[in-house]
Amino acid sequence: MERPADPGASLARLPGKDPHNNPGDVSVDFPVSVVLPAGGTGERTGLQTPKQFCGLMGRPLISYTAQAFERVSWIQCVVVVVATESLALMRDIAQRYRHSKVRVVPGGSTRHRSIRRGVQALREPEEQVGAGTPKVVIIHDAVRPFVDEDMLSKIAMAAKEHGAAGAIRPLVSTVIATTSEGYLDHSLERAKYRASEMPQGFTYEVIHQAYQKCTDYDLDYGTECLHLALQYCGTNAKLIEGPPTLWKVSHRTTVRMRHLHSKLTFPCRSRRAPHLPRLIALLLTAEGRKFKNQMQYRQFACREHFRQKVHLH
Ligand SMILES: Nc1ccn([C@@H]2O[C@H](COP(=O)(O)OP(=O)(O)OP(=O)(O)O)[C@@H](O)[C@H]2O)c(=O)n1
Ligand SMILES: O=C(CO)[C@H](O)[C@H](O)COP(=O)(O)O
């Protein structure tokens, strides 16, 4: 495979370029490694290609997520867990886009089983980079490409202090329970609840023990790592409100942006915005942006398009 000269555009915010993003405020001076579960089939998208391998500006989505972690200097190793049939593809992606911190391991039949496999792999010599088994493990869905260093450092620090930490967001809809006949049973008081997002962080002992002790039922039907830490280790996770950009690609509408992008023309200046889809044109006009070149525009348009989608859900 031909290697690009440069790893390419990143979808995450660049540290130091954004006044709201100051990772320098906290220093992570202990070993941190990452598990990216990427072993799903993406059934809800209805696409043949699992969403983590869908192309975006000529590069698979997983490569952007991996890059968001690799560029953080204090992160040692990024274990990407994929289905057995995707091992060769993922290794190829890692090589093509020069993901030097990425190790690829085979996953399991459910998300929890894949994560457990990734956590175990961090004990194995091949995955241990530098200081051996990490103090803190960050777990992050492969299909949430916008995570930035600020959020990662907050999660890592809180995980070290409290044993577990996770990103949350306010709920956009009220959660209701239905009866088996399809009637309303009860509804939850929205202000009391939060949506659990990723990234989540754990000390290695906590997450390892949680996955050792949990049941097959948890592994097959559970959707929440923080819950395993509470139930099996008595660890109450510290919750940290994250930005809206933490959202997960789940449905086809969110994957469709790649088709839009393939149809775009890429003018260098925002005054040529009428050539663009309305959404991006509006954004460009609103922000009065000017772009030096096509790549700069592509990076911006792609990031903003992703961000807008969160409000369209
Ligand atoms: N056996 C599995 C199932 C899921 N995942 C990963 O867990 C993350 C979040 O899961 P989800 O969004 O549900 O992905 P899918 O299971 O692929 O999607 P769907 O539920 O629509 O099939 C994804 O990065 C997915 O690849 C995994 O590593 N191993
Ligand atoms: O944000 C999360 C909370 O841990 C997970 O991504 C989510 O709950 C996983 O759900 P699914 O079973 O759909 O993959």
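Residues numbered from 1 in each chain as written. Chains lettered and ligands numbered in written order. Predicted model: local features only at pLDDT ≥ 70, side-chain atom pairs only at ≥ 80, totals over all residues. Heavy atoms only, no water.

*Asks:* Explain the nonpolar core here, please?
*Replies:* What tends to happen in soluble globular proteins is that the nonpolar side chains get buried as a cluster. With 38 residues, the main nonpolar core has V32, I62, F69, W74, I75, V80 and I138 as its most contacted residues. Elements with a minimum of two residues in this core: β1 (32-38), α1 (61-70), β4 (75-82), α2 (87-96), β5 (102-106), β6 (136-139), α4 (149-162) and β7 (164-170). Broken down by element, this core gets its largest block of residues, six residues, from α4. Once you skip the residues sitting within four places of it in the chain, F69 turns out to touch V34, L36, I75, V78, I138, H140, V147 and L152. M198, Y211, L219 and Y232 belong to the second-largest nonpolar core, a separate cluster that totals 26 residues. (Core = buried A, V, L, I, M, F, W, Y, C linked by side-chain atoms within 4.5 Å. Buried < 20%, exposed > 50% of the residue type's maximum accessible area, 1.4 Å probe, protein only. Helix = DSSP H or I, 4+ residues; strand = E, 2+ residues; numbered from the N terminus. Contact = heavy atoms within 4.5 Å.)

*Asks:* When you look at the pairing of strand β10 (residues 194-203) in this model, what are you seeing that I'm missing?
*Replies:* Successive residues of a regular strand alternate their side chains across the two faces of the sheet. Burial analysis of β10 places eight of its ten residues in the buried class, the great majority of the element. Strand direction decides the pairing type here: β6 and β10, joined by four bridges, are antiparallel. Residue pairing in the sheet places V137 in a bridge with F202 of β10. Examined bridge by bridge, β7 and β10 share six bridges and lie antiparallel to one another. Pairing of I168 across the sheet is with S196, part of β10. (Pairing = 2+ DSSP bridges.)

*Asks:* For this particular structure, what's the right way to read unusual backbone geometry?
*Replies:* With glycine set apart, most residues show a phi of negative sign, and most peptide bonds adopt trans. Note that the residue after M198, namely P199, is joined by a cis bond; omega there is 10°. Tracing the backbone shows P199 in strand β10. Positive phi, normally seen in glycine, also occurs at R98, with a value near 55°. The residue R98 is located in the loop between α2 and β5 in this model.

*Asks:* Help me out: how do you make sense of the site of ligand 2 in this one?
*Replies:* The local shell around ligand 2 consists of R44, R111, D141, R144, S196, E197, M198, Q200, T223, E224 and K248. Here an oxygen atom of ligand 2 sits 3.1 Å away from a polar atom, N or O, in the main chain of T223. Burial of ligand 2 by the protein chains amounts to 77% of its free accessible area of 370 Å². Examining the composition of the shell around ligand 2, we find that four residues originate from one element, β10, more than from any other. Counted by class, the shell around ligand 2 contains one nonpolar, three polar and seven charged residues. (Near = heavy atom within 4 Å. Polar contact = N/O pair within 3.5 Å; in protein donor to acceptor, adjacent residues only side chain to side chain. Areas by Shrake-Rupley, 256 points an atom, 1.4 Å probe, with all protein chains shown as cover. Nonpolar A, V, L, I, M, F, W, Y, C, P; charged D, E, K, R; others polar.)

*Asks:* I keep staring at the packing of helix α5 (residues 204-213) against helix α7 (residues 225-233) and nothing clicks. Help me out?
*Replies:* Any two packed helices are characterised by how steeply their axes cross, that is the angle between the axes, and by the distance between the axes. The N-to-C vectors of α5 and α7 enclose an angle of 80°; their axes lie 9 Å apart at closest approach. As the angle between them shows, α5 and α7 are arranged roughly perpendicular. Two secondary-structure elements touch here, α5 through V206, Q209, A210, Y211 and K213 and α7 through C225, L228, A229, Y232 and C233. Residues belonging to the contact of α5 with α7 are distributed by class as follows: eight nonpolar, one polar and one charged. (Axes fitted to C-alpha atoms, helices over the stretch in contact; angles between N-to-C directions. Parallel < 35°, antiparallel > 145°, perpendicular 65-115°, else oblique.)

*Asks:* Looking at this structure, how should I read the site of ligand 1?
*Replies:* Neighbouring ligand 1 are 19 residues, the closest being P37, G39, E43, R44 and S114. A distance of 2.9 Å separates an oxygen atom of ligand 1 from a polar atom in the side chain of K51. Coverage of ligand 1 by the protein amounts to 88% of the 570 Å² it exposes when considered alone. Those elements giving two or more residues to the shell around ligand 1 turn out to be β1 and α3 (111-121).

*Asks:* For this particular structure, what's the right way to read the environment of R194?
*Replies:* Within the fold, R194 resides in strand β10. The partly exposed category is assigned to R194, whose relative accessible area is 43%. Spatially, the C-alpha atoms of R194 and P170 are 5.0 Å apart, while their sequence positions differ by 24 residues. Residues in contact with R194, not counting those within four places in the same chain, are I168, R169, P170 and L171. Polar contacts involving the side chain of R194 include one to the main-chain carbonyl oxygen of A191, which spans 3.0 Å.

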